[in-house]
Amino acid sequence: MSEQILEVRGGRFRFIEGGVTVFECRCGHGRNGFSADKREGDGKTPVGTFPIEFAFGLEEPSDCHLPFRKITPFSCWSGEREDYNLWVESEPGKRDMSRSEHLADYPVEYRFAFSIGYNTRAREWGLGSAIFLHCKGAKKWNTAGCISLPEGRIRTLLARLRPGAVIKIASPSE
C-alpha cells in the first residue's frame, strides 16, 4: 500500500499518494485561522499531523475503504465533559447535550466527512473537539475549525483513502 498524505497549508489542500500529487485545490478552514494551541470554540484549525480515523455521513458511499459510520437522528459529537470529543448516540431529552454537535443538523457538510484524529487518543476537555474534513458548506468556505472541500473532492477521497492516511495541517506562514 502506498503512503497517503492530505496536506493543508493555509487555504490550499493537496492529496499525495505514494509521493505523487493526485489533486490540489482550495480548501476552507477555521474562520479565525490556525493554532498550535487549539481551544474549544476558538474557531481555529489545529496545526500538526493527525490520522484520518474513519469516514462518516448521512449517506453510505458505495466505494469507501475506511471504516464508515452512518449518521442517525441521534448522532452527536460530544462536547460534554464525560464523553468529550467522542461520537455518541443520544435521544433528545435523555441527557443534556447542549455543548455537543448534532451531526444531522449539517446535511450539506456531513453528507460525507472524515474524522481527523485531533485530541482523540488522550482526550482533554476544552482543547477542541469535532475536527473533521467535510464537504464545503453551501454559502461559505470557512468553518468552526474543520477543513472543508468541495463534495466532488471528498468523494474522490472516499474512494481512495485507506487506513493509515494522515493529514498534515500547517498555517500559511509555516
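Up top is the structure.
Quick summary incoming for the structure in this document. (Residues numbered from 1 in each chain as written. Predicted model: local features only at pLDDT ≥ 70, side-chain atom pairs only at ≥ 80, totals over all residues. Heavy atoms only, no water.)

## Considering the side chain of His134
Here comes step 1: Residue placement: His134 occurs in strand β12 (residues 132-135).
Here comes step 2: If near-sequence neighbours (up to four positions away) are discounted, His134 is found in contact with Glu109, Tyr110, Phe112, Ala113, Thr143, Cys146, Ile147, Ser148, Leu149 and Ile154. (Helix = DSSP H or I, 4+ residues; strand = E, 2+ residues; numbered from the N terminus. Contact = heavy atoms within 4.5 Å.)

## Thoughts on the environment of His29
Here comes step 1: In this structure, His29 sits in the loop between β3 (20-26) and β4 (34-35).
Here comes step 2: Once the C-alpha coordinates of His29 and Thr45 are considered, the two residues, 16 residues apart in sequence, prove to be 6.2 Å apart.
Here comes step 3: What His29 contacts, discounting residues up to four positions off in sequence, is Gly10, Gly11, Phe34, Thr45, Trp141, Asn142, Thr143, Cys146 and Ile147.

## Things to note about the nonpolar core
Here comes step 1: The biggest cluster of nonpolar side chains holds 29 residues, and the ones touching the most others in it are Phe13, Phe114, Leu133 and Leu157.
Here comes step 2: When neighbours within four sequence positions are excluded, Leu133 is seen to be in contact with Leu6, Phe13, Ala113, Phe114, Ile116, Ile147, Leu149, Ile154 and Leu157.
Here comes step 3: Trp87, Leu103, Phe132 and Cys146 belong to the second-largest nonpolar core, a separate cluster that totals eleven residues. (Core = buried A, V, L, I, M, F, W, Y, C linked by side-chain atoms within 4.5 Å. Buried < 20%, exposed > 50% of the residue type's maximum accessible area, 1.4 Å probe, protein only.)

## Things to note about the packing of aromatic side chains
Here comes step 1: Enumeration over the complete set of coordinates arrives at 14 aromatic pairs.
Here comes step 2: Here Tyr110 and Phe132 contribute two aromatic rings whose centre-to-centre distance is 5.5 Å and whose plane-to-plane angle is 90°, an arrangement assigned as edge-to-face. Highlighted residues: Tyr110 in the loop between β10 (101-102) and β11 (113-116) and Phe132 in strand β12, separated in sequence by 22 residues.
Here comes step 3: Overall, the relative accessible area of 4% leaves Tyr110 in the buried class.
Here comes step 4: The class for Phe132 is buried, based on a relative accessible area of 0%.
Here comes step 5: Among the aromatic residues, those joined into a cluster by ring pairs are Phe54, Phe56, Trp77, Trp87, Tyr106, Tyr110 and Phe132.
Here comes step 6: Sitting above the plane of the Trp125 ring, Arg81 keeps its charged end 3.8 Å from the centroid. (Phe/Tyr/Trp six-rings, centres within 6.5 Å; stacked < 30°, edge-to-face > 60°. Lys NZ or Arg CZ within 6 Å of the ring centre and 35° of its normal.)

## What to know about unusual backbone geometry
Here comes step 1: With a phi angle near 55°, Asn119 is a residue other than glycine that sits in the positive phi range.
Here comes step 2: On the secondary structure map, Asn119 appears in the loop between β11 and β12.
Here comes step 3: On the basis of relative accessible area, Asn119 is assigned to the buried category, the value being 12%.

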